[in-house]
Amino acid sequence: MLNLLFLVFLSPLLGFLILSLGRGRISQNLAGVIGVGSIGISALVTLGCGIQLLTHPSADGAYTQLLWQWMQVGSFNPRFALRLDGLSLTMCGVITGVGFLIHLFASWYMRGDEGFTRFFSYMNLFVASMLFLVLGDNLLFLYFGWEGVGLCSYLLIGFWYQDPANGSAARKAFIVTRVGDTFMAIGLFLLFRELGTLDIQQAMATAPGHFEVGSKTVTAIAFLLLGGAVGKSAQLPLQTWLPDAMAGPTPVSALIHAATMVTAGVYLIARTRVLFELAPLALHWVGIVGAATLLLAGFTALVQTDIKRILAYSTMSQIGYMFLALGAGAWQAAIFHLMTHAFFKALLFLSAGAVILACHHEQDIFKMGGLRKKLPLPFWSFIVGGSALCAVPYLTAGFYSKDEILWQAFAGGHIDLFLAGLFGAFLTSIYTFRLIFTVFFGKEHSAAHSGHGISYTLPLAVLLLLSTFVGGMIHPPLSLVLPAGPGEGGGEMEHKIALLSGTVAILGIALAGLLFLGDRRFVKWLNNSALGEPLGRFFGAAFGFDWLYDKLFVRPFLWFVRVNASDYLDRGIMAAAGSLQSLNGELTKTQTGRIRWYAASVAAGAVLVIAVAALT
Amino acid sequence: MTPVPLEHSLLLAGTLFSLGLLGILVRRNILFVLMSIEVMMNAAALAFVSAGSRWAQPDGQIMFILILTLAAAEASVGLALLLQLHRRFKTLDTDAASEMKG
Amino acid sequence: MILIWLFMVPFIGGLLCWQIERFGLTLPRWVALGTMFIVLMLSLLLWHTGDYSQTLLGGHGHWVEEFSVPWIPRLGISFSFGLDGLSLLMVVLTGLLGLMAVACSWKEIARNVGFFHLNLMWNLGGVIGVFLATDLFLYFFFWEMMLVPMFFLIALWGHNIPGGTSRVFAATKFFLFTQASGLIMLVSILSLVFVHYRATGTLTFAYGDLLHTPMSAATEYWLMLGFFVAFAVKLPVVPFHSWLPDAHSQAPTAGSVDLAGVLLKTAAYSLLRFAVPLFPHASASFAPVAMWLGVLGIIYGALLAFSQNDVKRMVAYTSISHMGFVLVGIYSGTEQALQGVVIQMLAHGLSAGALFILCGEIQERLHTRDLREMGGLWSRFSYLPPIALFFAVASLGLPGLGNFVGEFLILLGSYKAAPVVTVFAASGLILAAVYSLMLVQRAFLGKAKSDEKLRDLNAREVVTLVTLMALLVGLGLYPQPVLDISRAPMAAVQEIYQTVGHSGTVAADTATIITTAGAP
């Protein structure tokens, strides 16, 4: 079974090829079958491979399949090789499993759209690229997938291309992440110069012998890789693209901008763990970036009105938790949270999609309301998913992973990170239930019609189940890949921390209920108060990062290209040509056409020459 | 008979040459221009002859004959030009033919 | 012997095209197509049969294939050709893009079809001559010879953009830039020959003999500069670049394909073949300047590409940006970078060629190339926009396509030699994304100006473009066959740098840059 591993990515890739070549010729039904089926095959192969890997473990718990040698230039010889170990298996499971459900849901969501086939071809290409990313055993191969998912993200955000705003959101996403990618590429150059290889296993094996702990070079490499990770995972300071990316169809937001692609940064750092452990400073900064992002995103989410943007900021903040976990050395907990987050965030996005479609593409939560009767399935999905997001104790998947992160941060002595996480959890509860209370309770604002059909109910139901404690029971097989975090088997203290974080979550929910159920008098007063109003605007603008980048980068760039549109260097050269031309004009005037003038100049010239000859 | 000193004849040749040049510069009638050219040529020829006699070399007189033929050729071409000029522009003014001005 | 045929076939084919026009208007096209097909097949035959582990580049080893007869023996000029991996790849590219150029002008050219193809064939023949000549006089002969037909291609069959400069202006600008720089190179060639004559007593223009000519450091520097200027204009290196956008925007499609795909490569090829091996010390000390010029080109080209409204001008500026990478790679002198240069040249030839073909096709249908009048074309074609998207994405360096392999190898290799330069060059990756996506947005996305469907690509156009796509994917996923062919020449270039002790780390040092810029 393991030697069929290549099918995992080949199947979506073939799906992409068939759909893109056959567009316009195949019906929507067939396109849906191909698009969803290819991911289904991929998921089944992953399952089979996973079972075999876990039941017949090899010495290092990994299986490598060499496809072909990409190139060989001197000592640089990257391979196309797939490596399946606990970490990549977990990622593959999330990508193909959750991916399959989202594809299935999308076949309902996108029905009737004229770009149906195109949509599924992009989605399949995305899954294939994402699998490249997690299966590649070489950093260059990983980079291949890394850029590939970026492209698909671009294509899917701008999927409804008629609206220029979507196009600009898509470009923003690609370019901002590309900035991160470029840092990462430079990191790869530096790594190659130092270690002479980009093979992950080889590099991780030789790195501890090559670098001293905390040496400048390895710190630089780690920071550059972190640059790539923050770009892809929408962390500070490259987080600005994610909220805009919600311009894409909702299944895209679920798959790419919640469950899989945005967590690639977490995967990258986990994959290159050895380098980060050699650079404690960089690792510490991973945690700080995570903590800062989760707070920033939490505050921003408090005042957003667009249902998808709220979820986008919550994604940002949950990935902040993962970064925080990585920074605290809770490697396994980070990946565990990545997995549970994929479940409940996909659920939230899909049900948000159901709500949006039911309300005729309305996304403003304040124009919705009282939907719990009309849309029972999305309502319960939101309740369960939202609780998981807030980590309601014991019942939800999110609790098990988030609690582990907080406990390990605490146990590892990262009190600052722990407190940030705890406060973030409080914010999460407030904004999540603000959303739920506003959309599903209160007065009915709009007419809504519920979806139906297996491709609508099944994905939601499965994800709903996985978002409860059932999802928390799944333990990713990471023990051979990543070290155990600090405070393993904490006992008494761990229990207390769990209790504390659980209380905070419940408190947050209660506060949200207090504020947003009923007629919201206090909130209205707060919004109009002298302090609340500007603060609200500041939060609403996500702390003004967009404004800052616009002033710092976009404006100067546009100014320069506008001023220099006609190429001043060319004008310089043409000015030289122009001056020759005017000299020519002057000299032409001496050509009078009069013989007397010519004779005089001949004579004067002769006199001059003779004089020079005689005098020297 | 004492030979004429070289300086004298060169002075004469120079004067004639300058007069010819002056004639070209100030006259616009092509006939006079041609005549001035003849004067200049003869001035040059005179210089050759006197130099030849000074050093008792035959070259000076050979050059004189060359210049004589040159002058004849020049006169024929010049007169042909004169006729063309007259036919085209109905005038003998050289400035009228300034069609080549830039 | 086969080398002679490689460039004789286009010359003969060109004459045939010219004369056969009187028997039918499509005949010249078929003859030209056949001619380029023969060239391509001949070069592939050479690829198949030769052993490319050898090269004379650098002075050791020998040519894989050679041909030489005396021409003007008294002056040491001979009619000699040599082939190694580098020239083979360039000739294959020429044959392939020649084929594409003929195919894409099938409908576009209606006037003087025969004479058009004569010029196209002769131009390509001249290019092949440049790639093969191993006698500097002969090389210069071909270098100049490829200009004249190109001048006519632009001046006679170009477009006159309303409000823009005229095609004759563009052709003249192109001609003057390249001719003037060519003259500087001629002076350098002659000086080199005389320096060699004074040192050894033999008068020769042969490449192999002129390598390792003993000369003083100052002489070497000046002669190298003479060569460099000629190649810098052709490559083109900012600030000598401005002929390129003008020439591209006026040239017919075939001319643009030829210009971007092949003509620019003659400069990179010549830097590798002549400027570096003939003047190793000077090249090594000039390297930091050249690399910074490359970085300038990358950034400047990308910035200007963004602001263009004429889509062909835009692609022209992207070429400048991409060629900046080539310049950085050539002067960093590491094996990865040099191999990357080869891949980049091929990949850029294919992708820029394809983009120009697409521009031509859009113009044929919309009768404009102004991006402000496009928009929303995605819904008006069915095949053209995705294909254009593919090439735009190739041009921004997406992994899996040839351009990525080229750029990545160049940057990876250069980083070892000059980290600071590389970091600045890498910013080109971001800027490339900015302009490529802007191109896609402005041309294809957004609201359509009208709902009227446009005539989609026909079979000929699809085949042309799909071939190029397949080759780019091949180059991106399995570049090894190409890398194997170019390994020996690139290793030789690297060895040249090594023997003169070019350690790239100096390149990062600004003090060195200033001192070398002020040299000799």
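Everything here concerns the structure above.
Residues numbered from 1 in each chain as written. Chains lettered and ligands numbered in written order. Predicted model: local features only at pLDDT ≥ 70, side-chain atom pairs only at ≥ 80, totals over all residues. Heavy atoms only, no water.

For chain C, the count of helices and strands is 20 helices and two strands. In summary, chain C has a C-alpha radius of gyration of 22 Å against a globular reference of 24 Å for 520 residues, a match within 12%. Overall, the C-alpha framework of chain C stretches about 70 × 55 × 40 Å when taken along its three principal axes. Counting all 520 residues of chain C, 68% fall into the buried class. If you take every contact in chain C between residues at least 6 apart in sequence, the share linking residues at least 24 apart comes to 81%. Taking the average location of the 25 positive side-chain charges in chain C and that of its 26 negative ones, the two points are 10 Å from each other. (Helix = DSSP H or I, 4+ residues; strand = E, 2+ residues; numbered from the N terminus. Rg over C-alpha atoms; globule rule 2.2 N^0.38 Å. Buried < 20%, exposed > 50% of the residue type's maximum accessible area, 1.4 Å probe, protein only. Contact = heavy atoms within 4.5 Å. Lys, Arg positive; Asp, Glu negative; His and termini not counted. Charge placed at Lys NZ, Arg CZ, Asp CG, Glu CD.)

Our next topic: the interface of chain A and chain C. The interface of chain A with chain C comprises 52 residues on the first partner and 62 residues on the second. Here chain A meets chain C over a buried area of about 5000 Å², counting both sides, of which 71% is carbon and sulfur. For the chain A face of the interface with chain C, the top three residues by lost area are Tyr161(A), Arg178(A) and Phe189(A), together amounting to 14%. Across the contact surface, chain A and chain C share one salt bridge. When the shortest N-O distance is used, the salt bridge between Lys173(C) and Asp570(A) registers 2.9 Å. The interface formed by chain A and chain C contains twelve residue pairs in polar contact (both at pLDDT 80 or more). The residue inventory of the side of chain A that touches chain C, partitioned by class, reads 34 nonpolar, nine polar and nine charged. (Buried area = accessible area lost by both parts, 1.4 Å probe. Salt bridge = Lys/Arg side-chain N within 4 Å of Asp/Glu carboxyl O. Polar contact = N/O pair within 3.5 Å; in protein donor to acceptor, adjacent residues only side chain to side chain. Nonpolar A, V, L, I, M, F, W, Y, C, P; charged D, E, K, R; others polar.)

Much of the literature gives interface size as the accessible area that the parts lose upon coming together. Chain A puts nine residues into the contact, and the matching count from chain B is twelve residues. For the chain A face of the interface with chain B, the top three residues by lost area are Gly593(A), Ile595(A) and Arg596(A), together amounting to 50%. Counting the contacts that link chain A with chain B gives one salt bridge. Among the ionic pairs, Arg596(A) bridges to Asp95(B), the shortest N-O distance being 2.6 Å. Inspection of the region where chain A meets chain B yields one residue pair in polar contact (both at pLDDT 80 or more).

Residue and element names in this part refer to chain C. The element strand β2 (residues 77-83) is extensively covered by neighbouring structure, given that six of its seven residues are classed as buried. The pairing of strand β1 (residues 65-72) with β2 spans seven bridges and is classified as antiparallel. Bridging across to β2, Val 69 finds its partner in Phe 79. Between β1 and β2, which pair antiparallel one after the other, the connecting turn spans four residues, and Gly 76 there sits at a positive phi close to 75°. (Pairing = 2+ DSSP bridges.)

Another aspect to go through is the packing of helix α15 (residues 384-395) of chain C against helix α17 (residues 419-444) of chain C. All names here are of chain C. Across the interface, α15 lies against α17 with an axial gap of 9 Å and an inter-helix angle of 165°. By the angle between their directions, the pair α15 and α17 is classed as roughly antiparallel. Along this stretch, α15 crosses α17, giving a crossing that reads as right-handed. Where α15 approaches α17, its residues Leu 384, Pro 385, Ala 388, Leu 389, Ala 392 and Ser 395 are matched on the opposing element by Ala 432, Tyr 435, Ser 436, Val 440 and Phe 444. (Axes fitted to C-alpha atoms, helices over the stretch in contact; angles between N-to-C directions. Parallel < 35°, antiparallel > 145°, perpendicular 65-115°, else oblique. Left-handed = near helix turned anticlockwise from the far one by under 90°.)

Turning our attention to the packing of helix α12 (residues 280-307) of chain C against helix α13 (residues 311-332) of chain C. All names here are of chain C. Running from amino to carboxyl end, α12 crosses α13 at an angle of 160°, the nearest separation of the two axes being 7 Å. Here α12 lies roughly antiparallel to α13, going by the angle between them. Of the two elements, α12 crosses α13, and the hand of that crossing is left-handed. Here the contact of α12 with α13 is built from residues that sort into 17 nonpolar, eight polar and no charged.

Okay, helix α1 (residues 7-21) of chain A next. Residue and element names in this part refer to chain A. The end-to-end C-alpha distance of α1 is 20 Å, a good match for the 21 Å that 15 residues give at a rise of 1.5 Å each. Burial in α1 covers these residues: Val 8, Phe 9, Ser 11, Pro 12, Gly 15, Phe 16 and Leu 19. Buried positions in α1, seen along its axis, are confined to an arc of 160° and lie on one side of it. Where α1 is buried, its residues contact α2 (28-55), β1 (63-69), β2 (79-84), α3 (86-109) and α4 (116-135). (Expected span 1.5 Å × (residues − 1). Arc of directions from axis to C-beta.)

Scanning all chains against the criterion turns up 81 aromatic pairs over all chains. A ring pair is formed by Phe131(C) and Tyr269(C), whose centres lie 5.0 Å apart and whose planes are at 80°; its orientation type is edge-to-face. Here the residue Phe131(C) occupies a position in helix α4 (residues 113-132), and Tyr269(C) occupies one in helix α11 (residues 253-278), the gap between them amounting to 138 residues. Using a relative accessible area of 1% as the deciding quantity, one classes Phe131(C) as buried. Relative to Phe274(C), the ring of Tyr207(C) lies with its centre 5.4 Å away and its plane at 85°, an arrangement referred to as edge-to-face. Of this pair, Tyr207(C) sits in helix α8 (residues 207-210) while Phe274(C) sits in helix α11, and the two are 67 residues apart along the sequence. Just as Tyr207(C) is buried, Phe274(C) falls in that class too. In this structure, Arg27(B) packs its charged tip against the face of Phe32(B), placed 3.9 Å from the ring centre. Just above the ring of Trp55(B) sits the side chain of Arg54(B); from NZ or CZ to the centre is 5.1 Å. (Phe/Tyr/Trp six-rings, centres within 6.5 Å; stacked < 30°, edge-to-face > 60°. Lys NZ or Arg CZ within 6 Å of the ring centre and 35° of its normal.)

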